[in-house]
Amino acid sequence: MLAATVNGTLGHSVLLIGLVCATFGALATVYGIRTGDGRLLRSTQRYAFGVAGAGIAAFAVMERALIQRDFSLKYVQQVGSADTPFIFNITAIWSALEGSILLWLVILVGYTAVIARRFRKRLDDPLVAWALVVMFVVCIFFFVLTLGPADAFKAGPLGVTSGLGPNPLLQNHILVLFHPPILYLGYVGMTVPFAFAIAALITGRVGERWLTETRRFALFAWGFLTIGIILGGWWSYEVLGWSGVWGWDPVENASLLPWLTGTAYIHSVLVQERRGMLRVWNLTLLVSTFALTILGTFLTRSGVIKSVHAFSNGSIGPYLLGFFGVIAVVSLGLIAWRGDRLRSPGAIDSPMSREGAFLANNVLFTIFAFVVLLGTVFPLIVEALQNRTIKVGSPYFESLSVPFGLILLFLMAVAPVLPWRKASAELLRERLFWPAWGGVIALVVPLAFGATGFAALLAFGLGGFAAGAASRQLILATRRQGLRGLIGRANGGMVVHIGVIIVAVALVASTTYTHSSTLAMQVGQVKRYGGHTFELVEVQGFTTARSNGVRVQIKVDGGQAYAPAITTFTNFGSNIPTPSVRNGVLNDIYLTLDPGSKPGDTTASIKVFIKPLIIWLWIGGGLMVLGTALSGFPGKRRRLPTDPTSALIPSTDRPPRDDDAPASTASDERPSEEIVSV
Amino acid sequence: MTTAAVPASAPKPLNRRLKGWPGWVLLLGVVVVALLIGSTRSTGPLTDADRLDGIAQRIACPECDGESVYESQSPAAANIRIQVASLIKQGTYSDDQIIAYVQTNFGTKTQLVPKATGFDAIVWALPVFAGVCAIGGLTVAFRRWKLAADTVPTEQDRTLVDDALREQDDGR
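## Let's talk about the overall build of chain A
Reasoning step 1: In terms of regular secondary structure, chain A is built from 20 helices and 10 strands.
Reasoning step 2: Taken against the 2.2 N^0.38 rule, which gives 26 Å for 678 residues, the C-alpha radius of gyration of chain A at 27 Å falls within 12% of a compact globule.
Reasoning step 3: Here the C-alpha coordinates of chain A stretch approximately 80 × 70 × 55 Å along the principal axes.
Reasoning step 4: Per-residue burial for chain A yields a buried fraction of 61% across its 678 residues.
Reasoning step 5: In chain A, the share of contacts with a sequence separation of at least 24, taken over all contacts with a separation of at least 6, comes to 72%.
Reasoning step 6: A total of about 25300 Å² of accessible surface is found on chain A, and carbon and sulfur atoms cover 65% of it.
Reasoning step 7: Taking the average location of the 53 positive side-chain charges in chain A and that of its 36 negative ones, the two points are 5 Å from each other.

## Section: the domain arrangement of chain B
Reasoning step 1: Partitioning chain B into structural domains gives domain 1 (45-110) and domain 2 (116-172).
Reasoning step 2: For domain 1 of chain B and domain 2 of chain B, the distance between their C-alpha centroids amounts to 50 Å.

## Quick word on the domain arrangement of chain A
Residue and element names in this part refer to chain A.
Reasoning step 1: Considered domain by domain, chain A is made up of domain 1 (1-165), domain 2 (167-392) and domain 3 (515-612).
Reasoning step 2: Distance from the C-alpha centre of domain 1 to the C-alpha centre of domain 2: 23 Å.
Reasoning step 3: Listed per partner, the contact involves 36 residues of domain 1 and 44 residues of domain 2.
Reasoning step 4: Both faces considered, domain 1 and domain 2 share a buried interface measuring about 3600 Å² in area, 81% of it formed by carbon and sulfur atoms.
Reasoning step 5: When residues of domain 1 are sorted by the area they lose upon contact with domain 2, Trp-104, Tyr-111 and Leu-127 head the list and together hold 21% of the total.
Reasoning step 6: For the interface between domain 1 and domain 2, the tally reads two salt bridges.
Reasoning step 7: One can count five residue pairs in polar contact (both at pLDDT 80 or more) joining domain 1 with domain 2.
Reasoning step 8: Classifying every residue of the side of domain 1 that touches domain 2 by side-chain character gives 28 nonpolar, five polar and three charged.

## What to know about the interface of chain A and chain B
Reasoning step 1: Each partner contributes residues to the interface: chain A has 72 residues there, and chain B has 57 residues.
Reasoning step 2: When the two sides are added together, the surface that chain A and chain B hide from each other amounts to roughly 5300 Å², 68% of it contributed by carbon and sulfur.
Reasoning step 3: A per-residue breakdown of the area chain A buries against chain B is headed by Lys-391, Arg-429 and Phe-433 of chain A, which together make up 13% of the total.
Reasoning step 4: Across the chain A-chain B interface, the total number found is three salt bridges.
Reasoning step 5: When the shortest N-O distance is used, the salt bridge between Glu-430 of chain A and Lys-19 of chain B registers 3.2 Å.
Reasoning step 6: Of all the secondary-structure elements, those providing two or more residues to the side of chain A that touches chain B are α14 (354-386), α15 (394-414), α16 (425-448), α17 (454-481), β1 (515-522) and β10 (603-612) of chain A.
Reasoning step 7: At 13 residues, the largest contribution of residues to the side of chain A that touches chain B is made by α14 of chain A.

## A look at the side chain of Thr-29 of chain A
All names here are of chain A.
Reasoning step 1: Mapped onto the elements of the fold, Thr-29 is located in helix α1 (residues 2-35).
Reasoning step 2: You can call Thr-29 buried: its relative accessible area is 0%.
Reasoning step 3: The residues touching Thr-29, leaving out its near neighbours within four places in the chain, are Leu-41, Thr-44, Ala-129, Val-133 and Phe-136.

## Focus on the pairing of strand β6 (residues 565-569) of chain A
Residue and element names in this part refer to chain A.
Reasoning step 1: Among the five residues of β6, four are classified as buried, and the element is accordingly described as predominantly covered.
Reasoning step 2: Bridge count for strand β4 (residues 547-556) against β6 is five bridges, and the pairing is antiparallel. Each bridged residue has a counterpart across the sheet, and for Asn-548 the counterpart in β6 is Thr-568.
Reasoning step 3: Note that β6 and strand β7 (residues 575-578) share four bridges and pair antiparallel. Residue pairing for β7: Thr-567 is matched across the bridge by Ile-576.
Reasoning step 4: Hairpin remark: β6 followed by β7, antiparallel, with five residues in the connecting loop; positive phi at Gly-573, about 80 degrees.

## Focus on the packing of aromatic side chains
Reasoning step 1: Enumeration according to the criterion identifies 30 aromatic pairs over all chains in this entry.
Reasoning step 2: Judged by centre distance (4.9 Å) and plane angle (45 degrees), the ring pair of Tyr-237 of chain A and Tyr-590 of chain A falls under tilted. With Tyr-237 of chain A in helix α10 (residues 209-239) and Tyr-590 of chain A in strand β9 (residues 587-593), this residue pair connects regions lying 353 residues apart in the sequence. Both residues of the pair, Tyr-237 of chain A and Tyr-590 of chain A, belong to the buried class.
Reasoning step 3: Within the aromatic cluster, the residues linked to one another by ring pairs are Trp-234, Tyr-237, Trp-242, Tyr-590, Phe-609 and Trp-618 of chain A together with Tyr-70 of chain B.
Reasoning step 4: Positioned over the ring face of Phe-119 of chain A is Arg-118 of chain A, at 5.0 Å from the centre of the ring.
Reasoning step 5: Residue placement shows Arg-338 of chain A over the ring face of Trp-337 of chain A; its charged tip is 3.9 Å from the ring centre.

## Thoughts on a nonpolar patch on the surface
Reasoning step 1: Residues Leu-16, Val-20 and Phe-24 of chain A make up a contiguous nonpolar surface patch of roughly 280 Å² in combined accessible area.
Reasoning step 2: Turning to its location among the elements, Phe-24 of chain A is positioned in helix α1.

## Description of the nonpolar core
Residues and elements named next belong to chain A.
Reasoning step 1: In this structure, Met-62, Phe-142, Phe-143 and Trp-210 are the most contacted members of the largest nonpolar core, which totals 204 residues.
Reasoning step 2: By residue number, the principal contributor to this core is helix α7 (residues 126-147), which donates 16 residues.
Reasoning step 3: Sequence-distant contacts of Met-62, that is, excluding residues within four places in its chain, are made with Leu-73, Tyr-75, Val-76, Ile-93, Leu-102, Ala-152 and Phe-153.
Reasoning step 4: With 25 residues, the next largest nonpolar core counts Leu-409, Leu-427, Leu-428 and Leu-462 among its residues.

The rules behind these values
Residues numbered from 1 in each chain as written. Chains lettered and ligands numbered in written order. Predicted model: local features only at pLDDT ≥ 70, side-chain atom pairs only at ≥ 80, totals over all residues. Heavy atoms only, no water. Helix = DSSP H or I, 4+ residues; strand = E, 2+ residues; numbered from the N terminus. Rg over C-alpha atoms; globule rule 2.2 N^0.38 Å. Buried < 20%, exposed > 50% of the residue type's maximum accessible area, 1.4 Å probe, protein only. Contact = heavy atoms within 4.5 Å. Areas by Shrake-Rupley, 256 points an atom, 1.4 Å probe, with all protein chains shown as cover. Lys, Arg positive; Asp, Glu negative; His and termini not counted. Charge placed at Lys NZ, Arg CZ, Asp CG, Glu CD. Domains from an automatic or database assignment. Buried area = accessible area lost by both parts, 1.4 Å probe. Salt bridge = Lys/Arg side-chain N within 4 Å of Asp/Glu carboxyl O. Polar contact = N/O pair within 3.5 Å; in protein donor to acceptor, adjacent residues only side chain to side chain. Nonpolar A, V, L, I, M, F, W, Y, C, P; charged D, E, K, R; others polar. Pairing = 2+ DSSP bridges. Phe/Tyr/Trp six-rings, centres within 6.5 Å; stacked < 30°, edge-to-face > 60°. Lys NZ or Arg CZ within 6 Å of the ring centre and 35° of its normal. Patch = residues over 30% accessible without salt bridge, like charges linked within 9 Å, V, L, I, M, F, W, Y side chains within 5 Å. Core = buried A, V, L, I, M, F, W, Y, C linked by side-chain atoms within 4.5 Å.

Below, the structure is given as structure tokens:
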């Protein structure tokens, strides 16, 4: 009981301290900016560290409460259990609303402290100071949430000695330890570029400088969001038992939306850095990305949308919706206020230019984000206006995502070889020839192996085309710079492109060419399906402290036995399938046990999925992560630090090559990392 | 080191010749033929389980939070799968007929895709509208930029740029 008092009181106390620190931090910084008091501004680092300390302490106290099984707290009663294994007891903190908000908070305060530390020598710079104010304000909002509608330290009913534990889906696989925090690192990380965007608008310093300040943070956040989404797909594949990786569920869509606008931003920002253009567009993308993280949280945590992933249903909705409204109004107001300074000095000379391709890419990503958002919220609109319920499921999203995916693959093929300003037909013919034949090979080889379907084959062809273009850029870069040709934003970006292409091709193959069959078998019987043999060895029962179930042993191709199971978590009573998968380079064999089997039975019904190229999803995802990391390293510097980003590129001593295309400059052919400042 | 001058009439290197129009026409021909073959040839007979998966992906689980019958492990979804499997086994119904049967018997809650009529049509029409607006917007923007780019700089503009470049050079 004493521990309970300690945890609850300590939790509320540190959250209150964090709120006070964030409030004083924001007020002191604004006062310092107004009065020009550099000493005061330099001291704001302490507030940031205070906020971070408080947020981390609150998170630690909740972990302590879960480990101690402190059932005096309502949240521990909800997600804790005496039987939950240690690792899932640790992860139980983010298995419901209140703990998720705590996770958000601890990452947010971490970013705030990192910003204060990273810019410690420039805290009296109004741009940095305003960015910190924005970070403090966002922190205040989340501290208020944790003390109000998402209070994890609220006392629960007396006399409770155990709880249900986390949702069974959240105590069934080790990925629960990694997927949510990594996703949140990306989600919450979008606050940093947003804060600098708002600071740039407030200070009127809307040039390109603030972009370079936050470039790595944006990339870092995008990278984590990417990893989080891929891990989510992997988790779904390993846990949910339907053999898919993406179901267009509202919670999945909520993570995809900021990823789409964030992806658009990390492309279009290059145009601003290079040409000083698209300022309003880039600001809007950053604001949208951050606003979508809040809107996504509202959609998935407020209970307005039902989802298998939405492990919460709290009263937090109006707060999040209100905050979303404030973000939208303030940001749009600031953009309108600074409209005169945001006018771009340049123009895009031709659609057949790198900036033209970036613009097309941005339009596509934005429309796709709109489509995903529309499909996600449309049931709410219908319910609000017509008082009836409808569902917008995966067939809708899949049918609309196909054209977007194909056009994006085409752009990924063409854009990397385009020069800035303008490309001639001769230049394109020259640079795209071999990549295009790469596409032909990628089309013909699967065809020779029996692949069918217009969209799937076109996707393979475009994927090969895009991979050829990305490889061409990397080969050119490594020829000139050796291994340094793999690092830097443009070259790392090409590695990311190859990863995206592999993911796209694997997704197309696995969704188009998956085959399945249900095999009703007796023990000892061997059945053949999809060129493989399956032998039912035995049907076993199993019991643990928190669950019981039935598991079968299936020998595949006479070799290793695989063990799909159905687990019944006794606290919940729900049956959770546990698939068993044989991974392969070309095919995965995915086995699930149909319901109805009992321990000791001599028969069982097994569902077998033959899923092509699934492992390439994870390999492609790994390449995306590697490419993002390579992009984070500085490329070759070619400019003086004082040069404006749209300055002319100094000539180099490289002699002209025979194959230099006439319509482009030498620098156009070089990876753009050499061109932009770092 | 001196480089020998290449006579203007010298034949183009093989790489250049391959990249000429004939190479592209050949490429296009291969692509068109491959796509034609791939999109018209038979995928082979579907197993009953394949058909069941395809149909189940188009039906919403009536008791679940946003899952299809294919994804869901709930008893309601399992029940619908059994009924669909039995209709497939009869071999007389098309996929659309089976889906219509499910919707008649289990209600509109099983409808996973909005209709393209009435108010629900908005969810289909808006993406098309957005696409048309985007294409129109890009066309207008590029036309405006082209007009701006076609503007010939005046002598005053040139002097301004020269002064600025000179100033920058002096600064270094």
